[in-house]
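Fold and geometry: a report
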Amino acid sequence: MRTLLAWGLTAAIGGTLLYRKMTRSGSARQWEQHKSESEGHYRNARTRILILGGGFGGLATALQLDEQLSSSDDVSVLVVDRNNDLLFTPLMWTVANGRANPNNVVVPIRDFQKGRQFHVLHAEIERIDLERKIVYTSVGSRPYDILVIALGSHTIVPDLPGLHEHALPFHTPADALQLRNHLIDAVEAAHQTDNPEERQRWLTFVVGGAGDTGVELAAIIHEYLTAGLFYEYPWLVDAPIRVILVGRAKRILPMGDSGTARLVRKVLVKEGIEVLTGTSITGVTKATVETSVGSIPARTLFWAAGITAPEVVRELPVNHAPNGAIIVDNFLRIPEYPNVYVVGDVAWAYDSASGFPVPPTAQASHQQGAYVGKTIAMLYAGSAAEPYRYVTLGHLALLGRHTAVAKICWIRFTGLPAWVFWHVAYLSLNPSWNKRIRLVVDWFLSALLGRETGQLRLDTGLPQRKRVLERA
């Protein structure tokens, strides 16, 4: 076994070194091809296309435009984003459950720019003036002829008693690390008390929101406790651990199809996760989570319910949905401003054929971005574009150790095959070979040597554990 492992590691290291040598030589060639636009070139271009946001939707738009208009010297495409990386959101779960390095679920935006003609500006969006066709950023203003708004969303925390003080978010790789830190803190606090009721509170974890994020979050919490921390804290095997998923809708995954929702719920219950649907969270204290059906003694609430558009989008004088997203037409444009497109979570869009709303997922954002890029290129060439159609590629949910649920076309399956398919699918969708190799190594080592169960502090103030214990 050790000999096979040694040969496997040698092959992996050798392959990685060969890959790095090839990509470095390729990068040198790409550097010669890359056209890094100056601000003057952008301002003087005949057609200035400004893309706000470098997430799935924004980058898909830029890549499609580069493919379609790379030979047009009078077109300049500029992508503006506050970050310099694309967060590959689905893979955050493997960070949260201690199987991957957080750096390996983000891809630098500059990697997409190599060998292409669009430019990237690292800046904060401060204000959008639709009348004057100007966007104001933290490094100056940028005019545009065509604007694409793809600024993503934030988790919205409603103004319920105690929610802002006690609820924990889950939206970034840092949140994934803090999730692990908090679970370890809670286990340590439970270990220190002799009071059975207090121990139960520390070992009860409530997830608010039963959409895609909430469902996978509850599953990952349960998996990390039972498949990760159990090995470091043997007494947890007999501990009264509870993970409770609370959703306001009548069923989990309300924006998905009912068949997949039933299958996911069945898997969650089988894993030992309690599911409360048709239930609202009404408040939180340091020791309880209040719901419409009663009080849950718990010291932990993770909030994964609802998203809202960024403030700079909500301030625009156009028609908005209740969550601040912009209501768009069948071509993903703002009706009053046909030169402004909106994609991703900030677009309140409907499929032009079925009339069903488009879900706020990475899959939909990427598809909308590619559509808008193609549409702009067609209009530039004098052709008419077809209305937007949303075609789902399926549904994947990671639900625990060696189990998941997958829906591909009309086929649904679960268990280990779905778990393997989840990893292969998202690994192949990751645009960076560098990150793919690193993730495979991370997953392999976690399976061989065990998950990360040490805490990594990212805050600069009081340690998280001290703040948690001060709530007791």
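Fair warning: this is a prediction, and the values are worked out from it, not measured in the lab. (Residues numbered from 1 in each chain as written. Predicted model: local features only at pLDDT ≥ 70, side-chain atom pairs only at ≥ 80, totals over all residues. Heavy atoms only, no water.)

Let's shift gears to the pairing of strand 8 (residues 140–143). With four bridges joining them, strand 7 (residues 134–137) and strand 8 adopt antiparallel strand pairing. Looking at strand 8, one finds that I134 is bridged to P143. The antiparallel pairing of strand 7 with strand 8 creates a hairpin that spans two residues between the two strands. (Pairing = 2+ DSSP bridges. Helix = DSSP H or I, 4+ residues; strand = E, 2+ residues; numbered from the N terminus.)

Moving on to the packing of helix 13 (residues 416–429) against helix 14 (residues 433–449). At a closest axis distance of 10 Å, the pairing of helix 13 and helix 14 adopts a crossing angle of 155°. Taken together, the axes of helix 13 and helix 14 are roughly antiparallel relative to one another. Crossing angle aside, the handedness with which helix 13 passes helix 14 is right-handed. Within the contact between the two elements, helix 13 uses H423, L427 and S428 and helix 14 uses R436, L439, V440 and W443. Class assignment of the residues belonging to the contact of helix 13 with helix 14 gives a composition of four nonpolar, two polar and one charged. (Axes fitted to C-alpha atoms, helices over the stretch in contact; angles between N-to-C directions. Parallel < 35°, antiparallel > 145°, perpendicular 65-115°, else oblique. Left-handed = near helix turned anticlockwise from the far one by under 90°. Contact = heavy atoms within 4.5 Å. Nonpolar A, V, L, I, M, F, W, Y, C, P; charged D, E, K, R; others polar.)

Counted at 1.5 Å a residue, the expected span for helix 3 (residues 56–69) with its 14 residues is 20 Å, and the 20 Å between its end C-alpha atoms agrees. The set of residues buried in helix 3 consists of F56, G57, G58, L59, A60, T61, A62, Q64, L65, D66 and L69. The secondary structure elements touched by the buried residues of helix 3 are strand 1 (47–52), strand 2 (75–81), strand 3 (85–87), helix 5 (109–113), strand 9 (146–149) and helix 12 (362–380). (Expected span 1.5 Å × (residues − 1). Buried < 20%, exposed > 50% of the residue type's maximum accessible area, 1.4 Å probe, protein only.)

Another aspect to go through is the packing of helix 3 against helix 12. Packing of helix 3 against helix 12 leaves a shortest axis separation of 7 Å and a crossing angle of 30°. The handedness of the crossing between helix 3 and helix 12 is right-handed. Along its contact with helix 3, which presents F56, G57, A60, T61, Q64, L65, Q68 and L69, the element helix 12 presents A362, S365, H366, G369, A370, V372, G373, K374, I376, A377 and Y380.

Quick look at the sheet that holds strand 15 (residues 288–291) now. One open sheet holds the three strands; their spatial order is 14-15-16, and the pairing between them is antiparallel. Of all the strands in the sheet, the pair left with one neighbour each is strand 14 (281–284) and strand 16 (294–297). Strand-to-strand twist in this sheet, taken as the mean axis angle between neighbours without regard to direction, amounts to 25°. Where strand 15 meets strand 16, four bridges bridge the pair, whose relative direction is antiparallel. Bridge pairing in strand 16 places V289 opposite I296.

Here the focus is the confidence of the model for the protein. Interpretation of the predicted coordinates at a detailed level should be avoided for regions scoring low in pLDDT. Within the protein, residue pLDDT values average 85, and 89% of them lie at 70 or more. Confidence, expressed as mean pLDDT per element, reaches its minimum in the protein at helix 15 (residues 464–470) with 40 and its maximum at strand 9 with 98. Low pLDDT, under 50, characterises residues 1–36; the predicted model gives this stretch 19 contacts beyond four residues in sequence or across chains. Taken as a whole, residues 460–472 scores under 50 in pLDDT and shows 25 contacts with residues more than four places along the chain or in a different chain. (pLDDT = per-residue confidence, 0-100.)

When you line up the elements, H182 lands in helix 7 (residues 173–192). In terms of polar contacts, H182 uses its side chain to reach the side chain of T300, at 2.7 Å. (Polar contact = N/O pair within 3.5 Å; in protein donor to acceptor, adjacent residues only side chain to side chain.)

Let us now look at the sheet that holds strand 25 (residues 411–415). The three strands are arranged 23-24-25 in an open sheet whose pairing can be described as antiparallel. Edge positions in the open sheet fall to strand 23 (395–398) and strand 25, since each of these has one partner strand only. Within this sheet the neighbouring strands show an average axis-to-axis angle of 10°, counted without direction. Alignment of strand 23 against strand 24 (residues 404–408), held across four bridges, turns out to be antiparallel. Residue H395 lies in a different strand from strand 24, and its bridge partner there is K407. Sheet contacts for helix 13: strand 23, strand 24 and strand 25; angle to strand 25, the most-contacted strand, approximately 105°.

Core analysis: the largest hydrophobic core is formed by 125 residues, its most contacted members being I128, L147, I149, I221, I252 and L268. Looking at which element gives the most residues to this core, the answer is helix 9 (residues 212–232), with 10 residues. Look past the residues within four positions of I128 in its chain and what remains in contact with it is L52, I134, V135, L147, I149, V312 and L316. A167, V206, I244 and V246 belong to the second largest nonpolar core, which has 12 residues in total. (Core = buried A, V, L, I, M, F, W, Y, C linked by side-chain atoms within 4.5 Å.)

Attention shifts here to the pattern of salt bridges. Taken as a whole, this structure holds 10 salt bridges when the rule is applied. R299 is the partner of E198 in a salt bridge, and the nearest nitrogen-oxygen pair spans 2.8 Å. One end of the pair, E198, is in helix 8 (residues 196–202); the other, R299, is in the loop between strand 16 and strand 17 (300–303), with 101 residues separating them in the sequence. The class for R299 is buried, based on a relative accessible area of 6%. D257 is the partner of R412 in a salt bridge, and the nearest nitrogen-oxygen pair spans 2.5 Å. (Salt bridge = Lys/Arg side-chain N within 4 Å of Asp/Glu carboxyl O.)

Time to look at the packing of aromatic side chains. What describes a pair of aromatic rings is the distance from one ring centre to the other and the angle between the planes of the rings. Under the criterion given, the structure shown has five aromatic pairs. Positioned above the aromatic ring of W433 is the side chain of R436, whose terminal nitrogen or guanidinium carbon lies 4.5 Å from the ring centre. (Phe/Tyr/Trp six-rings, centres within 6.5 Å; stacked < 30°, edge-to-face > 60°. Lys NZ or Arg CZ within 6 Å of the ring centre and 35° of its normal.)

Our focus in this paragraph is a nonpolar patch on the surface. Among the surface-exposed residues, V441, F444, L445, L448 and L449 lie close enough to one another that they form a single nonpolar patch of about 430 Å² accessible area. Residue placement: L449 occurs in helix 14. The exposure class of L449 is exposed, given its relative accessible area of 67%. (Patch = residues over 30% accessible without salt bridge, like charges linked within 9 Å, V, L, I, M, F, W, Y side chains within 5 Å. Areas by Shrake-Rupley, 256 points an atom, 1.4 Å probe, with all protein chains shown as cover.)

It is worth spelling out helix 10 (residues 258–271) at this point. Side chains of residues three or four places apart in an α-helix project in the same direction, reflecting 3.6 residues per turn. A rise of 1.5 Å per residue sets the reference length of helix 10, with its 14 residues, at 20 Å; its end C-alpha atoms lie 20 Å apart and thus fit the reference within 8%. If you follow the buried residues of helix 10, they end up packed against helix 9, strand 12 (242–246), strand 13 (274–276), strand 23, strand 24 and strand 25. You can read the cap of helix 10 off the contacts: a side-chain oxygen lies 3.2 Å from the backbone nitrogen of G259, and it is on D257. Positive backbone phi, approximately 105°, marks G272, located one or two places after helix 10.

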